[in-house]
Amino acid sequence: MKSADLPLVDFTLDGERVQAVQGETILQAARRVGVDIPHLCYQDGMRADGNCRACVVEVAGERVLAPSCCRAVTPGMDVKARSERALKSQQMVVEMLLADLPQQGYKWNDEVGGPATPADRVGQHGELSFWAERLGVAARPELVALRREQPPADLSHPAMAVNLDACIQCTRCVRACREVQVNDVIGYAQRGASSRIVFDLGDPMGASTCVACGECVQACPTGALMPKTMLGSQAVDRKVDSVCPFCGVGCLVTYQIRDEKIVGVEGRDGPANQGRLCVKGRFGFDYAHHPQRLTRPLIRRPGVPKDPALAPDPADWGDVFREASWEEALAFAGGGLARLRDTRGRKSLAGFGSAKGSNEEAYLFQKLVRTGFGSNNVDHCTRLCHASSVAALLEGVGSGAVSNPVRDVEKADLILVIGSNPTANHPVAATWMKNAVKRGTRLVLADPRVTDIGRHAWRVMQFKPGSDVAMLNALIHVVIEEGLADETFVRERAANFEALRENVKGYSPEAMAPVCGVPAQTLREVARAFAGANAAMILWGMGVSQHVHGTDNARCLIALSTVTGQIGKPGSGLHPLRGQNNVQGASDAGLIPMMFPNYQRVDDPGAHRWFEDFWGQPLDDQPGYTVVEILHKALAPDGDPHKIRGMYIMGENPAMSDPDLNHARQALASLEHLVVQDIFMTETAWLADVVLPASAWPEKTGTVSNTDRMVQLGRRALTPPGDAKPDLWIIQELARRIGLDWHYEGEDDGVAAVYEEMRRAMHASIAGISWERLQRDSSVTYPCLSEDDPGQPVVFTDRFPTADGRARLVPADIVPADERPDAHFPFVLITGRQLEHWHTGSMTRRAAVLDAIEPMATASMNGADLQALGLEPGDVVTVRSRRGEVAIHVRRDDGTPTGAVFIPFAYYEAAANLMTNPALDPFGKIPEFKYCAVQVQPGGTPRPAAGYGTGAVASTA
């Protein structure tokens, strides 16, 4: 129940009659009516401890003072927060705390306007300094004798400094670590004068199991824990609100700017994160200032060949490219594309857009390809992550978006996480899951790898790689055969149930247990719990989608939710966790080859006619090629009328992200004209004819749509370095060079004008989200169809957006992986992301903290496999498939099943996608990244990082 719906309680505060919401504490009610009560151990969003006693107040009729942070208001209560007795006690507490801290002068941050608060005015000892000044308290020399022996500073962590001489033992860091993030690293040890904050078993912070989320830093009121970038002075020139540029959770952030550089990032109270961040969001910001940033347009030197096998140093491009003016570079880029279009045909060009940019950029990019190139050959990285999920969702429930936001796990009785490693890939989303478990929600992890979230699971179903359909059909079998289906929901809101019932008859848990490796009793237990829950929610990742049977996997998840009635209500539903910050928005905006904006098919006559009228240009009425198909067409023989000869790639790195990289790089190198727009000299940019220096996320204003369907506004905090330009400007200028007469007027290259055009094209979802509303609210959930519509976090409540309003159940049978292990290639390769690095590493490997924590590529293997191969952790092995090989150090991970190898795909020098299989799911056209056969042999020589990693980043640390 919302606070606005709760009854009000009348009480007296400092002689004034005021009202509190039932259940509110005195501190909360006082702050709401503008009465500031000192507080140090209390922080919004955390359980109140009441242990610092700085917030004590006088309650009429009571002998002792009451801590206002954990004392609830009662009707008729008479509270004095500013009485002489309360004030003296507050001053005494602050004075005693100051006496125990190093005595140094205060350094106030007065640049932030508005009323001073502890959050935006920080002194030498942070909030303690603030309240000391507010209360007129200064440390007295005679109290210094009471100070305890001060511990030495701990600077062992790459990101954070620990100075416990400033610790007041408020335990905010303990609660932040153990109750908010649920990482269980920080504790409180010893008793009395010996009591202290510890990491794990008294380890240095850098040697502990800390995952560097920085929640403790944000919680600390005194600077005992703080970012190393803020040591010396916490003063900043300005703060700018934006959105995190990494995963799809969409955490709101505030950039702290000093001398035109980001020096810190704070979590903002956004709907997806409530101030929480992960290591990437909090400490992965300095990539924007890396010396390898592209600052001038570059044109390939005449006669320099494109070598797909080259391992270049990103800082050493002078032998391959020369600098050019923007006018020359744009004329060369646009002229080459226009020439191919006009001489080789409209199907000869293609574009890869980006899920790392804004909605406005994605919308303009796909519009440029469709109206300027003349075809629908446009795609982006959704093809490589959730294309099969979207295909199944559009087919089954009529929408490719999530049904419920991540935070709905708070309302769930059971959470099924399948094919996802949320603590590494979506860490803030994982915190909501862990919080729910602490409150009694049961969590089931289904994955070939037992990842960290498994520590919190009620049941773990560690199924054999590639056996998803067998396991999920067994669950559906139990639901139907044991009479656990929601018959009313199925009768009223599902179609094709009988076909599903018939199909799963042969998939009993007993029959499937040997196939999937999960005991039959566990399968039955989980199926019963899922069906019997008041609300059960499914969240999945690329472990479900990146298979040749990825669409079938998602079909099974849709069927499981539908037959149990676990959709269309809070705490239930289907949620494919989006990998990049704007995968959802880029897809919504039409950056896919078969759909116009808002998922209107290009071959639908009505949609085709509408967009021709809207854009004033003739449009192709046939779906274009997908990412992998485009690269295949680049290597097609010259006689093929649909051979791809030129490409425009913005912010994507297919030379690292596509499967079978030798083939992908050869395809890119074969293009007659390749235009790359990026912020770094990526592996793809090395194969370009012209490279256009673009803007990093903190350097632009625009919207992104997170995994929860929230359209969120990011504001520009910095100016692009050198002569680099905003992406939106580059797209428009290039459009003009190929004959499009575009004029988007206004600040930030007309971003508001582009957004409003996009809003008209997507009226069925974001009609009610105006630019002005976004500037005011920062975040609005769609569908939102009018200005007074608050948005719909939960959809499908009454009907599905299908032709008949029903979900379509699609039976699925076991489809084996395209390539199975054999005597020569006995292991299964699984690829994925890791906590510190993201996507192809072009950003995170240039962030000093992230690279320092995880500087080297590793292959994770089960201890039993290491022993069988005679290996120790840290040894070098060569992992080889039928397509390529890498030499890489091994890491022991007993969560990885025997017979499998896990390799992250962020490292150029050990590119996992050299080995992956380009075989496609026939429906989603997504490659089978999660399964291919490999051999593992001891020995090998790892490739050098070629300018990436520690050597490249150390200069900026």
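Residues numbered from 1 in each chain as written. Predicted model: local features only at pLDDT ≥ 70, side-chain atom pairs only at ≥ 80, totals over all residues. Heavy atoms only, no water.

> Where do I start with the pattern of salt bridges in this structure?
Opposite charge on two side chains permits them to pair, given that their charged atoms come into close proximity. Following the criterion strictly, the structure yields 59 salt bridges and no others. As a salt-bridge pair, Asp-893 and Arg-449 come within 3.5 Å of each other at their nearest N and O atoms. Of this pair, Asp-893 sits in the loop between β35 (885-892) and β36 (900-904) while Arg-449 sits in the loop between β18 (442-446) and β19 (459-461), and the two are 444 residues apart along the sequence. Residue Arg-449 is classed as buried on the basis of its relative accessible area, which comes to 12%. (Salt bridge = Lys/Arg side-chain N within 4 Å of Asp/Glu carboxyl O. Helix = DSSP H or I, 4+ residues; strand = E, 2+ residues; numbered from the N terminus. Buried < 20%, exposed > 50% of the residue type's maximum accessible area, 1.4 Å probe, protein only.)

> It is not clear to me how the packing of aromatic side chains should be interpreted in this structure. Could you clarify?
Given two aromatic rings, their pairing is described by the distance between the two centres and the angle made by the two planes. Across all of its chains, the model carries 17 aromatic pairs by this definition. Geometrically, the ring pair formed by Phe-489 and Phe-800 is edge-to-face, given 6.5 Å between the ring centres and 85° between the ring planes. With Phe-489 in helix α13 (residues 487-493) and Phe-800 in the loop between β30 (779-781) and β31 (807-808), this residue pair connects regions lying 311 residues apart in the sequence. A residue is classified by how much of its surface remains accessible, and Phe-489, at 11% relative accessible area, is buried. Look at Phe-800 and you get buried, because its relative accessible area is 0%. (Phe/Tyr/Trp six-rings, centres within 6.5 Å; stacked < 30°, edge-to-face > 60°.)

> What exactly am I supposed to notice about the environment of Ala-533 here?
Checked against the element boundaries, Ala-533 lands in the loop between α16 (520-532) and β21 (536-540). Discounting residues that sit within four places of it in the chain, Ala-533 has contacts with Asp-413, Leu-414 and Gln-566. (Contact = heavy atoms within 4.5 Å.)

> Whenever I open this one, the sheet that holds strand β27 (residues 690-693) confuses me. Can you help?
Across a sheet, paired strands are connected by hydrogen bonds in the backbone, their directions being either parallel or antiparallel. One open sheet accounts for seven strands, arranged β14-β13-β27-β26-β25-β15-β16; its pairing is mixed. With partners counted over all chains shown, the strands left at the sheet margins are β14 (321-323) and β16 (378-379), one partner each. The pairing of strand β15 (residues 349-352) with β16 spans two bridges and is classified as parallel. Each residue of the ladder has a partner; that of Gly-351, found in β16, is Val-378. Contacting β15, β16 and β25 (646-650), helix α21 (residues 627-634) runs over the sheet at an angle of about 140° to β15. Contacts from helix α24 (residues 727-737) reach β25, β26 (673-678) and β27, with the element oriented near 160° to β25. (Pairing = 2+ DSSP bridges. Axes fitted to C-alpha atoms, helices over the stretch in contact; angles between N-to-C directions.)

> What's the story with the side chain of Ser-348 in this structure? I'm lost.
Along the chain, Ser-348 turns up in the loop between α7 (326-344) and β15. The exposure class assigned to Ser-348 is buried, which follows from its relative accessible area of 1%. For Ser-348, the side chain forms a polar contact with the main-chain oxygen of Gly-345, separated by 2.6 Å. (Polar contact = N/O pair within 3.5 Å; in protein donor to acceptor, adjacent residues only side chain to side chain.)

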